[in-house]
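Chains, contacts and geometry: an overview
Spelled out from the first residue to the last, the chains are:
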Amino acid sequence: MAEVYSSGFSRRNRRRESGNMGKKALMLLDLLTWIAMFLLTSATVVCTITPHIDPKSLSWLSLVVLATPIIYIINIVILLWWVIRNKWLNVVVASIAVIISLFSLGRYYQIEIKRKPAIPYIERRFVKTISYNVANGKAEGLIDYIAEKNPDILCLQEFLIDVNNEWLKLGDKYRSTINGATDFSCEIITRHRILRHGNIDSISRYNANWADIIIKKSEDTIRVVNLHLQSTTLHSIYNQSADKENLTGDSTRQSRIGNIAKRLRDNNIKRAEQARCVKRFIDASPYPVIVCGDFNDVPLSYTYTHIAQGLNDAFCEQGAGYSHTFNGFFNLMRIDYTLVSERINVVSYEVDDKAPYSDHYPVICRLKIDKR
């Protein structure tokens with residue numbers, strides 16, 4: 001009888017100890033979640049104010065926004081955790097970060113509530129644009145892909161002209177801003193008449209060019225601005241560090257991270273300067289503008305926010321779901337854009353993430369110009 005009693009007592013002790021361990025584990029998890037909630041709420045606030053702060057003032061803030069989609073997702077996970085744990089005061093606190101993120105969520109995600117046309121597009125009614133960083137433009141099949149898409153206006157970035165005679169396959173129906181240039185640059189190619197073209201003052205041909213174009217269908221003149229702003233050059237930074245340093249040491253690893261952070265900061269500052277030049281040029285335009293290009297920056301950056309002020313983002317107008325234009329960084333980054341003036345309506349927006357010709361994807365839009 002004593003043995004039975006002792007055995008039962010031992011089982012109860014084990015269950016009690018197991019229950020206590022489970023409670024302690026939950027308490028530790030709650031504590032860690034609370035700390036994460038505090039840090040991520042702070043990061044969410046940073047992501048909200050960073051677009052309005054010049055990177056030269058607080059350069060480290062511009063690094064936080066690179067992780068914005070991940071921050072937003074974890075905020076939702078934390079909120080759900082507190083709901084499951086039935087801790088309603090923490091639910092209220094976690095909701096603050098989620099509510100703050102809603103103000104800028106539309107730059108990353110669009111709910112598909114806009115009607116898709118039930119009939120095929122009648123292309124002659126619209127101006128079809130493609131903005132594409134072609135990573136030198138030498139990929140096999142790229143020219144045929146462009147010809148099949150048949151754009152009215154094609155904005156190319158990282159276009160290496162002197163080795164791309166194959167581009168002549170597009171035919172005489174296209175005009176361009178190349179004019180004998182042989183550099184690695186931005187170029188605008190269009191089936192419409194180009195009145196004049198040039199570069200934005202203080203920004204090189206490599207980073208920006210523009211063209212005033214007469215649209216045949218409406219006889220309207222528009223200004224197309226094509227941008228390839230300062231690159232982050234992360235691949236080259238990492239490779240240089242790997243070549244020069246022993247990657248096994250902690251101090252070396254910290255040095256490499258420091259180099260990457262410094263380069264990101266410096267390039268953010270350069271892009272901000274370019275963005276201000278671009279904005280002044282856009283504001284001085286006598287015509288409605290279409291701004292295309294690789295901004296090398298995310299939607300909550302100072303660069304994007306400064307240039308997009310007063311313009312409509314084609315993704316925000318007609319996009320659906322989550323859009324990414326860069327083939328890398330876990331497919332989280334939208335750094336290629338099409339922005340338009342108020343007089344230009346966005347009819348459709350698409351990122352062809354099946355195009356295998358570059359480390360970027362083409363941004364394809366159909367636009368309609370309103371009469372004055």
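Residues numbered from 1 in each chain as written. Predicted model: local features only at pLDDT ≥ 70, side-chain atom pairs only at ≥ 80, totals over all residues. Heavy atoms only, no water.

**A look at unusual backbone geometry**
- With a phi angle near 50°, Phe-329 is a residue other than glycine that sits in the positive phi range.
- Turning to its location among the elements, Phe-329 is positioned in the loop between β11 (321–322) and β12 (336–340).
- One non-glycine residue with positive phi stands out, namely Asn-331, at about 55°.
- When you line up the elements, Asn-331 lands in the loop between β11 and β12.
- A relative accessible area of 33% places Asn-331 in the partly exposed class. (Helix = DSSP H or I, 4+ residues; strand = E, 2+ residues; numbered from the N terminus. Buried < 20%, exposed > 50% of the residue type's maximum accessible area, 1.4 Å probe, protein only.)

**Description of the packing of helix α3 (residues 68–84) against helix α4 (residues 88–105)**
- Closest axis-to-axis distance for the α3/α4 pair is 9 Å, and the angle between their directions is 155°. Taken together, α3 and α4 sit at an angle that is classed as roughly antiparallel. In this structure, the crossing between α3 and α4 has a hand that is left-handed. In contact with Tyr-72, Asn-75, Ile-76, Ile-78, Leu-79, Trp-82 and Val-83 of α3, α4 contributes Trp-88, Asn-90, Val-91, Ala-94, Ser-95, Ala-97, Val-98, Ser-101, Ser-104 and Leu-105.
- Here the residues of the contact of α3 with α4 are counted per class, giving twelve nonpolar, five polar and no charged. (Axes fitted to C-alpha atoms, helices over the stretch in contact; angles between N-to-C directions. Parallel < 35°, antiparallel > 145°, perpendicular 65-115°, else oblique. Left-handed = near helix turned anticlockwise from the far one by under 90°. Contact = heavy atoms within 4.5 Å. Nonpolar A, V, L, I, M, F, W, Y, C, P; charged D, E, K, R; others polar.)

**Things to note about the confidence of the model for the protein**
- Per-residue pLDDT for the protein has a mean of 85; in total, 81% of the residues score no lower than 70.
- pLDDT under 50 marks residues 241–247. Its contacts with residues more than four places away, or in other chains, come to twelve contacts. (pLDDT = per-residue confidence, 0-100.)

**Quick word on the pattern of salt bridges**
- Scanning the entire structure with this criterion turns up eleven salt bridges.
- For Arg-196, the salt bridge identified is with Asp-212, shortest N-O distance 2.8 Å. Taken together, the residues Arg-196 in strand β6 (residues 193–198) and Asp-212 in strand β7 (residues 208–215) connect sequence positions 16 residues apart.
- Ionic contacts of the salt-bridge type, sharing partners, join the residues Arg-196, Asp-212 and Arg-223 into one network. (Salt bridge = Lys/Arg side-chain N within 4 Å of Asp/Glu carboxyl O.)

**Structural notes on the sheet that holds strand β9 (residues 289–294)**
- Taken together, the six strands give an open sheet; going across it, the order is β6-β7-β8-β9-β12-β10, and neighbouring strands pair in mixed fashion. Two strands bound the open sheet, and with one partner strand each, they are β6 and β10 (312–313).
- Bridge count for β10 against β12 is two bridges, and the pairing is antiparallel. The residue bridging Asn-312 from the neighbouring strand is Val-340, located in β12. (Pairing = 2+ DSSP bridges.)

**Overview of the side chain of Asn-296**
- In this fold, Asn-296 is placed in the loop between β9 and α8 (302–308).
- Look at Asn-296 and you get buried, because its relative accessible area is 9%.

**Some details on the packing of aromatic side chains**
- Evaluated as defined, the whole model comprises eight aromatic pairs.
- An aromatic cluster of three or more residues is present, and its members are Phe-295, Tyr-304 and Tyr-337.
- Geometry around Trp-210 places Arg-223 over its ring, the cationic atom sitting 4.7 Å from the centre. (Phe/Tyr/Trp six-rings, centres within 6.5 Å; stacked < 30°, edge-to-face > 60°. Lys NZ or Arg CZ within 6 Å of the ring centre and 35° of its normal.)

**Some words on the nonpolar core**
- Grouped together as the largest cluster of nonpolar side chains are 24 residues, with contacts concentrated most on Ile-153, Ile-213, Ile-222, Val-224 and Ile-290.
- For this core, the secondary-structure elements that each account for two or more residues are β3 (153–160), β7, β8 (220–228), β9, α9 (314–318), β13 (344–351) and β14 (363–369).
- Apart from residues lying up to four places away in sequence, Ile-222 is in contact with Ile-153, Ala-211, Asp-212, Ile-213, Ile-215, Tyr-287, Pro-288, Ile-290 and Ile-369. (Core = buried A, V, L, I, M, F, W, Y, C linked by side-chain atoms within 4.5 Å.)

**Description of α3**
- Between the first and last C-alpha of α3 there are 25 Å, a value that for 17 residues agrees with the 24 Å anticipated at 1.5 Å per step.
- Following α3 by one or two positions, Asn-86 adopts a phi angle in the positive range, close to 60°. (Expected span 1.5 Å × (residues − 1).)

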